[in-house]
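Spelled out, the chains give:
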Amino acid sequence: MPNQLTYLAHYSEHLQQQIQQLLDKNKLGDWLRSRYPDLHTVANDNDLRDYAMSLKNQYMKKTQPLSKIIFDSKIHIVNHALGLHSYVSRVQGGKLKSKNELRVSTLFKNTPDAFLQMIVVHELAHLKEKQHNKAFYKLCEHMMPEYHQVEFDVRVYLTALERSGSVFTGK
């Protein structure tokens, strides 16, 4: 199959064919909405901060603090980024201060809770594991046992979004 399904390129041909069939029948959005009927209630940056800090405090109490947690409209899936974590070091008064930031693409403002949780879990895991290695994914699974399935479904969502422009309607 030609690389038409950019976000699913690393998955098996069988899975890609199943998604392509749903696309051809214009049923991919229906399939996603049936799997994830309810959207999250995180409406703004303050809510996102509370949401992310709750997960961080539950699973990663001893990691560095987060100075900023926001939805970011400048994150584009074209760059294959859905969220970003950044580590900024600055000299203040002769001391080196570091700050960790977590940014989530605004694409996830009107999505199911599982999608937002997957992105936040992914970015939180980077506080401890910088690389996408075995330890990183093990940490993601610790915080969200169904992480890999939801990651796949997010990729399906991005495929549907690219084709139809919308999948989930706003609150």
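Residues numbered from 1 in each chain as written. Predicted model: local features only at pLDDT ≥ 70, side-chain atom pairs only at ≥ 80, totals over all residues. Heavy atoms only, no water.

A short note on the overall build of the protein
Along the backbone of the protein there are six helices and three strands. The order of α-helices and β-strands along the protein, N terminus first, is α-α-α-β-β-β-α-α-α. The proportion of buried residues among the 171 residues of the protein is 42%. Contacts in the protein between residues at least 24 apart in sequence constitute 64% of all its contacts with a sequence separation of at least 6. In the structure as shown, the protein presents an accessible area of about 9800 Å², 48% of it carried by carbon and sulfur atoms. (Helix = DSSP H or I, 4+ residues; strand = E, 2+ residues; numbered from the N terminus. Buried < 20%, exposed > 50% of the residue type's maximum accessible area, 1.4 Å probe, protein only. Contact = heavy atoms within 4.5 Å. Areas by Shrake-Rupley, 256 points an atom, 1.4 Å probe, with all protein chains shown as cover.)

As for the environment of Asp 38
Counting through the fold element by element, Asp 38 comes out in the loop between α2 (28-35) and α3 (45-59). When its relative accessible area of 60% is taken as the criterion, Asp 38 is described as exposed. In this structure the C-alpha to C-alpha distance between Asp 38 and Asn 110, which are 72 residues apart in sequence, comes to 9.9 Å. Every residue in contact with Asp 38, bar those within four places of it in the chain, is listed here: Pro 112 and Asp 113.

Focus: the nonpolar core
In this structure, Val 104, Phe 115, Leu 116, Val 120, Leu 124 and Tyr 157 are the most contacted members of the largest nonpolar core, which totals 46 residues. Looking at this core, the elements with two or more residues in it are α1 (13-24), α2, α3, β1 (66-72), β3 (95-105), α4 (113-128), α5 (134-143) and α6 (147-164). Among the elements that line this core, the one with the most residues is α4, at 10 residues. Leave out the neighbours within four places in its chain, and Val 120 touches Leu 48, Tyr 51, Ala 52, Leu 55, Leu 102 and Val 104. (Core = buried A, V, L, I, M, F, W, Y, C linked by side-chain atoms within 4.5 Å.)

As for the side chain of His 122
Note on placement: His 122 falls in helix α4. Polar contacts involving the side chain of His 122 include one to the side chain of Tyr 147, which spans 2.7 Å. When neighbours within four sequence positions are excluded, His 122 is seen to be in contact with His 132, Phe 136, Cys 140 and Tyr 147. (Polar contact = N/O pair within 3.5 Å; in protein donor to acceptor, adjacent residues only side chain to side chain.)

Quick word on the packing of aromatic side chains
Counted according to the given criterion, the structure contains eight aromatic pairs. Between Tyr 36 and Phe 115 the ring centres are 4.8 Å apart and the planes differ by 65 degrees, which places this aromatic pair in the edge-to-face class. Here Tyr 36, found in the loop between α2 and α3, pairs with Phe 115, found in helix α4; they are 79 residues apart in sequence, far enough to count as distant. On the basis of relative accessibility, which here comes to 12%, the residue Tyr 36 falls in the buried class. For Phe 115, a relative accessible area of 0% gives the class buried. Taking the centre distance of 6.2 Å and the plane angle of 50 degrees together, the rings of Tyr 137 and Tyr 147 count as tilted. Residue Tyr 137 is located in helix α5, and its partner Tyr 147 is located in helix α6; the two are separated by 10 residues in the primary sequence. (Phe/Tyr/Trp six-rings, centres within 6.5 Å; stacked < 30°, edge-to-face > 60°.)

Topic: the packing of α4 against α5
Where α4 meets α5, the axes come as close as 9 Å, and the angle between the chain directions of the two elements is 130 degrees. When the axis of α4 is compared with that of α5, the two are oblique. Here α4 runs over α5; the crossing is right-handed. Contact residues: α4 offers Gln 117, Val 121, His 122, Leu 124, Ala 125, His 126 and Lys 128, while α5 offers Phe 136, Leu 139, Cys 140 and Met 143. In the contact of α4 with α5, the residues fall into seven nonpolar, three polar and one charged. (Axes fitted to C-alpha atoms, helices over the stretch in contact; angles between N-to-C directions. Parallel < 35°, antiparallel > 145°, perpendicular 65-115°, else oblique. Left-handed = near helix turned anticlockwise from the far one by under 90°. Nonpolar A, V, L, I, M, F, W, Y, C, P; charged D, E, K, R; others polar.)

Regarding unusual backbone geometry
Its identity is not glycine, yet Asn 26 carries a phi of approximately 60 degrees, on the positive side. Positionally, Asn 26 belongs in the loop between α1 and α2. Given a relative accessible area of 65%, Asn 26 falls into the exposed group.

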